[in-house]
Amino acid sequence: MDRIGELWRRLLFLFRRQQFDRDLEEEMRFHLDMKARQNREAGIDGREAWCAARRQLGNPMLLKEASREAWGWSRLEALIQDVRYAARSFRRAPGFTAVAVLTLALGIGVNTAVFSLLHDTVLESLPVSRPQELVQLAWVQGASGGSNFNWPDYRPLLEPESALPGLFCYLSRETNLRSGSISERAHAHLVSGSYYSTLGVGAFIGRTLVAADDRPSATPVAVLSYTYWQNRFARDPSIIGRTVYLDGSPFTVVGVTPQEFYGVNRLSPPDITYSLHAAPLPEGNSYYVYYFARLQPHTSVEQARAQITARFSGLLEGELKPHRNWMGEVKLDVRPAATGEDNVRLLLRTPLRVVGLCVGVVLLICCTNMASLLLARAAARNREIGIRLALGAGRKRIVRQLLTESVMLGIAGGCAGLLAGYWVHHLLITQLAIHQSTAIQFRLQLPLLAFTAGLAVLTGVVFGIVPALRAAQFGLRAATRREPPEAGRPRLGPARTFLAVQMAASVVLLIGAILFLRTLRNLETVDAGFSPRQLLLMTVDLKESRFQGDRVTGLLDELMDRVPAVPGVRSAALARIVLFGQSAQKSVWVQGYAHNDGSAVAFNLVGPGFFESVGIHLVMGREFSARDRGSAPLVAIVNQAFARKYFPGQNPLGRRFGDQGPNSAGKYEIIGVVKDARYTSLRLPPRPAIFQSLWQFPQYPPFVLHVNVTGEPGVIAARVLREIQAIDSHLAVYGIRTMTGQVNATLRQERMFAILSSLFGVLAIGLCCVGLYGVTAYSVRRRTSEFGIRMALGASRANVLWLVLRETLVLVGLGAAAGVPAAFWCTRFIKSLLFGLSPGDPSTFAVAVILLGGVAAIAAALPARRATRIDPIEALRYE
Amino acid sequence: MGQEATTRTEIPPGTLYMLILKSLARLGPMHGYGIAQHIQQFSEDVLQVEEGSLYPALQRMLIKGWVTAEWGQSENNRRARYYRLTPAGKKQLTVEISEFEKVMRAITRVIQPA
């Protein structure tokens with residue numbers, strides 16, 4: 001009860017401050033008068049009595065402050081006082097404040113953006129009920145593993161008596177969606193019956209999918225995502241019950257999921273979900289599913305693992321017996337999956353680490369820059385601080401006040417940093433090719449705000465502590481006399497230490513930037529083995545056209561008739577797999593090869609003229625022709641790597657191999673050998689590959705048209721499109737792009753690294769130059785008299801210039817000495833991202849150091865030149 | 001008697017509140033100067049309260065609700081602030097005295113000869 005009374009009285013005090021001061025003042029006066037009267041009665045007379053009383057009373061200011069402090073608000077009052085004082089001094093120096101806040105906004109902003117990305121992709125739990133109970137199934141075979149399971153091979157795991165109740169799986173694919181006026185590709189997830197019930201996600205409107213929907217005999221139904229419903233159907237509630245056509249099959253929309261739900265994979269949230277067994281999947285592709293389950297109460301991950309392993313062993317004796325030869329080696333694992341699918345984390349781990357390191361270094365540079373700025377500013381305020389110290393301010397109070405200033409700058413920088421962070425976040429997402437969705441957004445929510453606030457205050461303290469301590473230390477001395485001239489070799493004060501740290505950090509960033517730039521250049525100039533220039537790609541899908549079954553070859557013939565005749569087309573060819581877009585492989589058994597183990601080779605179905613159109617050189621034999629179709633003997637073309645592996649030193653033409661087990665080794669005859677090329681990635685060296693005739697296996701649409709053009713690809717694409725539509729208007733043509741664009745898309749990550757690291761490198765050097773300029777200018781000013789004396793004694797301008805530049809070079813040297821080993825240690829981690837050069841590449845290191853030295857010399861040259869123009873007489877008079 | 005005492009015996013730490021509360025209990029409402037004088041006189045000049053500690057202590061007692069303050073007229077018709085003991089203050093006084101006596105008995109036991 002007393003506590004409440006106490007608190008109440010304390011609060012009241014806040015409102016009665018002035019009254020309190022007046023009361024205390026009067027009380028002191030009364031006390032003084034009484035004491036003086038006592039002294040007079042004791043025999044001391046007149047003025048002396050009053051003075052004696054005054055002396056006895058002690059310092060009235062201290063008394064007042066002690067009394068005020070008893071009320072417990074003194075800390076808060078001091079803080080408010082400091083804040084107002086700081087605000088006043090910032091208003092007086094707008095230029096400095098602007099530069100400081102901008103610098104901090106940059107440093108904090110990039111960190112905020114990276115944190116947001118990291119949080120959304122790796123740290124945040126899925127928006128489902130009790131995500132910490134979710135687990136994911138994974139497979140391990142020897143040294144490799146993953147979380148993707150062949151479908152429908154592993155279907156028996158889903159059976160109702162499954163060891164993990166609530167086990168569900170999903171499959172992700174692109175589908176053609178048609179509804180009313182909308183006709184486009186949509187990203188779909190095909191889910192098994194217990195998907196929504198296990199995740200514990202209800203519908204926003206309508207209902208979600210249930211186990212009864214997941215049967216071949218059930219009415220095909222689908223559920224839309226909120227975002228898709230919002231973007232495409234304008235949140236029209238009448239969507240429920242409407243029919244949409246997915247790959248031509250009708251589905252009834254029965255519900256929409258809540259806004260915050262995005263499935264279990266952040267990077268590919270589905271637009272629409274429907275049941276796995278509701279519609280047959282197109283043949284000819286391999287499909288992968290991902291399994292998830294929810295742990296039962298009182299079940300641990302280990303127990304779940306044991307359960308599913310036991311079940312899997314049982315299945316290997318039962319339903320899965322036919323696959324035992326290759327499934328037998330597989331072990332199942334259960335992993336916690338509160339944050340969603342594993343792949344996401346693995347995919348983004350390295351890029352985010354690299355970016356995270358870079359922004360950390362940027363922040364370091366910003367902090368050291370701020371510290372230098374504040375040191376210079378504190379030096380200018382030495383007199384003011386000295387006076388305050390002389391008046392009785394404690395040193396701690398001064399330090400606290402200066403720290404308040406720097407924290408305020410930090411907070412201002414943090415607020416501005418949120419703005420900068422939004423922009424950087426957007427940049428990162430586009431560079432990392434992350435699909436912008438509800439899952440990954442720059443949201444001003446608690447984790448982000450807490451992080452930014454914490455970072456702002458921390459940076460404020462970190463860069464403010466040293467200048468604050470130094471200012472308090474030297475203030476008193478400076479107030480009483482003029483600063484002595486700085487003679488001789490200047491010592492390495494904190495300002496210069498910071499500058500050296502900045503240089504070291506810049507060296508690290510520069511080295512990183514040069515490594516990434518060179519990697520990009522190496523990748524862009526590597527010999528891909530084919531010629532992507534002037535190559536147009538179009539995917540043709542014939543699902544809804546009249547070309548089905550036996551008549552597909554008819555379409556192929558027509559295409560090969562009409563497309564090359566289009567003006568601007570030099571040649572055209574068809575293939576099943578597009579280079580640098582998809583990949584496929586097959587196991588082969590080669591006749592006459594001693595170690596046939598069914599190892600996999602890259603594989604494609606191509607038509608006549610493919611290699612010529614694409615620019616792959618035919619080394620021996622022939623290309624496919626129109627005769628290689630139907631019942632003609634099965635033929636194949638291989639690349640040099642294949643020939644080297646299976647027929648070393650021999651002629652591969654006429655040799656045979658098969659793709660359906662050791663007994664089929666005579667199935668195909670090799671009729672040609674082509675030069676090696678890179679088929680999926682510029683980084684990977686060419687692997688053995690086989691090509692079969694598309695006309696002999698036309699049953700796996702869609703097909704990709706490769707058109708070699710002269711002239712403007714866009715214009716010619718329109719013409720070709722018209723030709724195709726003329727053949728049959730129900731032919732779907734999409735994915736119109738150039739091969740160059742396709743290849744470049746695979747370099748996206750490298751390009752991002754090159755751009756970002758260069759940006760950071762330039763930023764670092766820029767900040768260094770600003771800092772260096774300031775420090776050098778200050779130093780020159782301090783040493784004016786020294787230079788004057790030197791020049792009077794006969795030193796030339798060049799000598800003086802050298803004196804100033806020597807300082808700079810020492811700093812650069814120190815920075816390099818610290819930065820090079822640090823860079824050496826850091827670049828180890830990006831080894832997997834480099835191409836064509838090692839992380840310790842000496843020429844890169846050398847270039848970085850020389851570049852930094854050169855730029856630093858220029859930055860220091862300007863104030864240095866001013867030093868040379870000093871008139872000796874003026875300099876001496878200045879002192 | 002023309003000299004001021006240059007040294008003052010320190011009030012033992014933690015006893016200032018007790019002394020002020022007791023003075024107020026004995027004197028009734030009194031101003032700060034009066035309290036200081038009372039303590040000095042009653043202790044026969046042994047204990048002399050520093051103003052620097054008296055007034056902050058009075059403030060703290062105000063916060064804790066052991067005393068209340070109001071302005072009144074002093075003997076010589078000057079405006080002075082009078083402090084008055086509250087019931088809570090009275091209770092605090094008994095608590096502090098019993099604590100103090102407990103400690104004193106313990107110390108006496110320790111320093112007793114033999």
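Since the model is a prediction, treat every value here as computed from it, not as a measurement.

Scoring rules and cut-offs
- Residues numbered from 1 in each chain as written.
- Chains lettered and ligands numbered in written order.
- Predicted model: local features only at pLDDT ≥ 70, side-chain atom pairs only at ≥ 80, totals over all residues.
- Heavy atoms only, no water.
- Helix = DSSP H or I, 4+ residues; strand = E, 2+ residues; numbered from the N terminus.
- Buried < 20%, exposed > 50% of the residue type's maximum accessible area, 1.4 Å probe, protein only.
- Contact = heavy atoms within 4.5 Å.
- Areas by Shrake-Rupley, 256 points an atom, 1.4 Å probe, with all protein chains shown as cover.
- Core = buried A, V, L, I, M, F, W, Y, C linked by side-chain atoms within 4.5 Å.
- Buried area = accessible area lost by both parts, 1.4 Å probe.
- Salt bridge = Lys/Arg side-chain N within 4 Å of Asp/Glu carboxyl O.
- Polar contact = N/O pair within 3.5 Å; in protein donor to acceptor, adjacent residues only side chain to side chain.
- Nonpolar A, V, L, I, M, F, W, Y, C, P; charged D, E, K, R; others polar.
- Phe/Tyr/Trp six-rings, centres within 6.5 Å; stacked < 30°, edge-to-face > 60°.
- Lys NZ or Arg CZ within 6 Å of the ring centre and 35° of its normal.
- Patch = residues over 30% accessible without salt bridge, like charges linked within 9 Å, V, L, I, M, F, W, Y side chains within 5 Å.
- Lys, Arg positive; Asp, Glu negative; His and termini not counted.
- Charge placed at Lys NZ, Arg CZ, Asp CG, Glu CD.
- Pairing = 2+ DSSP bridges.
- Axes fitted to C-alpha atoms, helices over the stretch in contact; angles between N-to-C directions.
- Parallel < 35°, antiparallel > 145°, perpendicular 65-115°, else oblique.
- Left-handed = near helix turned anticlockwise from the far one by under 90°.
- Disulfide = S-S within 2.5 Å.
- pLDDT = per-residue confidence, 0-100.

Asks: Is there a simple way to think about the overall build of chain B in this case?
Replies: Scanning chain B from N- to C-terminus turns up 4 helices and 3 strands. For chain B, the α and β elements follow one another from N to C terminus as α-β-α-α-β-β-α. Within the span of chain B, comprising 114 residues, buried residues form 42% of the whole. Contacts in chain B between residues at least 24 apart in sequence constitute 50% of all its contacts with a sequence separation of at least 6. For chain B, the accessible area works out to roughly 6,800 Å², and carbon and sulfur atoms hold 56% of it.

Asks: Looking at this structure, how should I read the nonpolar core?
Replies: Taken as a class, soluble globular proteins show a tendency for nonpolar side chains to be buried jointly. Residues and elements named next belong to chain A. Formed by 56 residues in total, the largest nonpolar core has its most connected members in Val355, Leu509, Phe516, Phe760 and Leu772. Broken down by secondary-structure element, the contributors of at least two residues to this core are helix H6 (94-123), helix H11 (342-380), helix H13 (395-432), helix H15 (494-525), helix H21 (748-782), helix H23 (797-827) and helix H24 (842-868). The element best represented in this core is H15, accounting for 13 residues. With near-sequence residues (within four places) excluded, phenylalanine 760 lies in contact with Val110, Cys358, Val359, Val362 and Leu509. In terms of nonpolar packing, the next biggest core, distinct from the first, is built from 50 residues, Leu171, Ala188, Tyr226 and Val244 among them.

Asks: Where do I start with the interface of chain A and chain B in this structure?
Replies: Much of the literature gives interface size as the accessible area that the parts lose upon coming together. Facing 26 residues of chain A, the contacting portion of chain B comprises 28 residues. Overall, the association of chain A and chain B removes approximately 2,600 Å² of surface from exposure, summing both partners, and the carbon and sulfur fraction of that is 53%. Linking chain A to chain B there are 5 salt bridges. For arginine 78 of chain B, the salt bridge goes to aspartate 33 of chain A, with nearest N and O atoms at 2.8 Å. Joining chain A to chain B, the criterion identifies 14 residue pairs in polar contact (both at pLDDT 80 or more). Sorting the residues of the side of chain A that touches chain B by element identifies helix H1 (2-15), helix H2 (17-41), helix H3 (46-57) and helix H4 (60-70) of chain A as the ones contributing at least two each. Per element, the largest residue contribution to the side of chain A that touches chain B is 14 residues, and it comes from H2 of chain A. A breakdown of the residues in the side of chain A that touches chain B according to their chemical character gives 12 nonpolar, 5 polar and 9 charged.

Asks: Could you clarify how one ought to interpret the packing of aromatic side chains in this entry?
Replies: Any aromatic ring pair is given by two values, namely how distant the centres are and how the planes are angled relative to each other. Scanning all chains against the criterion turns up 32 aromatic pairs over all chains. When the ring of tyrosine 679 of chain A is compared with that of phenylalanine 691 of chain A, the centres are 6.0 Å apart and the planes differ by 70 degrees; the resulting orientation is edge-to-face. Here tyrosine 679 of chain A is found in the loop between strand S21 (668-674) and strand S22 (689-693), whereas its partner phenylalanine 691 of chain A is found in strand S22, with 12 residues between them in sequence. One aromatic cluster in this structure is built from Phe168, Tyr170, Tyr195, Tyr196, Phe261, Tyr290 and Phe292 of chain A. The ring centre of tyrosine 245 of chain A lies 5.1 Å from the NZ or CZ of arginine 178 of chain A, which sits over that ring. Taking the ring centre of tryptophan 71 of chain B as reference, the NZ or CZ of arginine 79 of chain B above it sits at 4.2 Å.

Asks: Would you explain the side chain of aspartate 728 of chain A in this entry?
Replies: All names here are of chain A. Secondary-structure assignment places aspartate 728 in the loop between helix H19 (713-727) and strand S24 (732-738). According to the relative accessible area criterion, aspartate 728 is buried, its value standing at 9%. Dropping the residues within four chain positions of it, aspartate 728 is found in contact with Ser545, Arg546 and Phe547.

Asks: Mind showing me how you'd approach a positive patch on the surface here?
Replies: Where like charges cluster on the molecular surface, the positive patch consists of Arg781, Arg797, Arg865, Arg866 and Arg869 of chain A. In this structure, arginine 866 of chain A sits in helix H24.

Asks: What is the right way to look at unusual backbone geometry in this model?
Replies: Where the residue is not glycine, phi is negative for most of them; where a peptide bond is considered, it is trans in most cases. Although it is not a glycine, alanine 234 of chain A sits at a positive phi angle of roughly 50 degrees. Looking at where alanine 234 of chain A falls in the secondary structure, it is placed in the loop between helix H8 (226-233) and strand S8 (243-246). Of note in the backbone geometry, glutamate 44 of chain B takes a positive phi value of approximately 55 degrees without being a glycine. Structurally, glutamate 44 of chain B can be placed in the loop between helix H2 (32-42) and helix H3 (51-64).

Asks: Honestly, the sheet that holds strand S1 (residues 30-31) of chain B in this entry has me stumped. Any pointers?
Replies: Sheet strands pair via backbone hydrogen bonds, and the direction of the pair is either parallel or antiparallel. Residues and elements named next belong to chain B. Spatially, 3 strands are ordered S1-S3-S2 in an open sheet, and the strand pairing comes out antiparallel. A single partner strand is all that each edge strand has here, and the edge strands are S1 and strand S2 (67-73). As judged from the 7 bridges shared by S2 and strand S3 (residues 79-85), these two strands associate in the antiparallel manner. Across the sheet, residue tryptophan 71 finds its bridge partner in S3, namely arginine 81.

Asks: Explanation requested: the pattern of salt bridges in the structure shown.
Replies: Between side chains of opposite charge, pairing is possible as soon as their charged atoms come close. Per the counting criterion, the structure on display carries 34 salt bridges over all chains. Notably, a salt bridge pairs arginine 68 of chain A with aspartate 21 of chain A, separated by 3.2 Å at the nearest N-O pair. Placement of arginine 68 of chain A in helix H4 and of aspartate 21 of chain A in helix H2 is noted, with a sequence separation of 47 residues between them. Taking relative accessible area as the criterion, aspartate 21 of chain A reaches 25% and is therefore assigned partly exposed. A single salt-bridge network, built from bridges that share partners, covers Asp23 and Glu27 of chain A together with Arg81 of chain B.

Asks: What am I meant to see in the side chain of threonine 539 of chain A here?
Replies: Along the polypeptide, threonine 539 of chain A turns up in strand S13 (residues 535-541). If sequence neighbours within four positions are ignored, threonine 539 of chain A has contacts with Pro702, Phe703, Val704, Ala732, Val733, Tyr734, Gly735 and Arg737 of chain A.

Asks: Please clarify how the environment of glutamate 807 of chain A should be interpreted in this entry.
Replies: On the secondary structure map, glutamate 807 of chain A appears in helix H23. With 31 residues separating them in the primary sequence, glutamate 807 of chain A and threonine 776 of chain A have C-alpha atoms 8.6 Å apart.

Asks: For this particular structure, what's the right way to read the packing of helix H1 (residues 16-27) of chain B against helix H4 (residues 87-111) of chain B?
Replies: A packed helix pair is summarised by two numbers, namely the angle formed by the two axes and the spacing between the axes. Residue and element names in this part refer to chain B. Interaxial distance between H1 and H4 falls to 9 Å at its minimum, and their mutual angle equals 130 degrees. If you check the angle between H1 and H4, you find them oblique. Relative to H4, H1 is oriented so that their crossing is left-handed. The residues of H4 that touch H1, namely those facing Tyr17, Met18, Leu21, Lys22 and Ala25, are Gly89, Gln92, Leu93, Glu96, Ile97 and Phe100.

Asks: So what exactly am I meant to see when it comes to the state of the cysteines here?
Replies: Note on terminology: a disulfide is the covalent bond linking the sulfur atoms of two cysteines. Residues and elements named next belong to chain A. Overall, the coordinates contain 0 disulfides over all chains when judged by the stated rule. Distance from the sulfur of cysteine 768, which forms no disulfide, to the nearest cysteine sulfur (cysteine 769) is 6.9 Å. Judged by its relative accessible area of 3%, cysteine 768 falls in the buried class.

Asks: Can you help me understand a nonpolar patch on the surface in this one?
Replies: Residues and elements named next belong to chain B. Together, Phe100, Val103, Met104, Ile107, Val110 and Ile111 make up a nonpolar patch on the protein surface, roughly 560 Å² of accessible area in all. Within the secondary structure, isoleucine 111 sits in helix H4. Exposure remark for isoleucine 111: the relative accessible area of 63% places this residue in the exposed category.

Asks: Sorry, what's going on with the confidence of the model for chain A here?
Replies: Low pLDDT marks regions whose predicted coordinates should not be analysed in detail. Residue and element names in this part refer to chain A. With 95% of its residues at a pLDDT of at least 70, chain A reaches an overall mean of 83. Confidence scores differ between elements of chain A, with helix H25 (residues 872-878) showing the lowest mean pLDDT of 68 and strand S7 (residues 221-224) the highest of 93. Note that pLDDT drops below 50 for residues 485-490; the model gives that stretch 13 contacts with residues more than four away or on any other chain.

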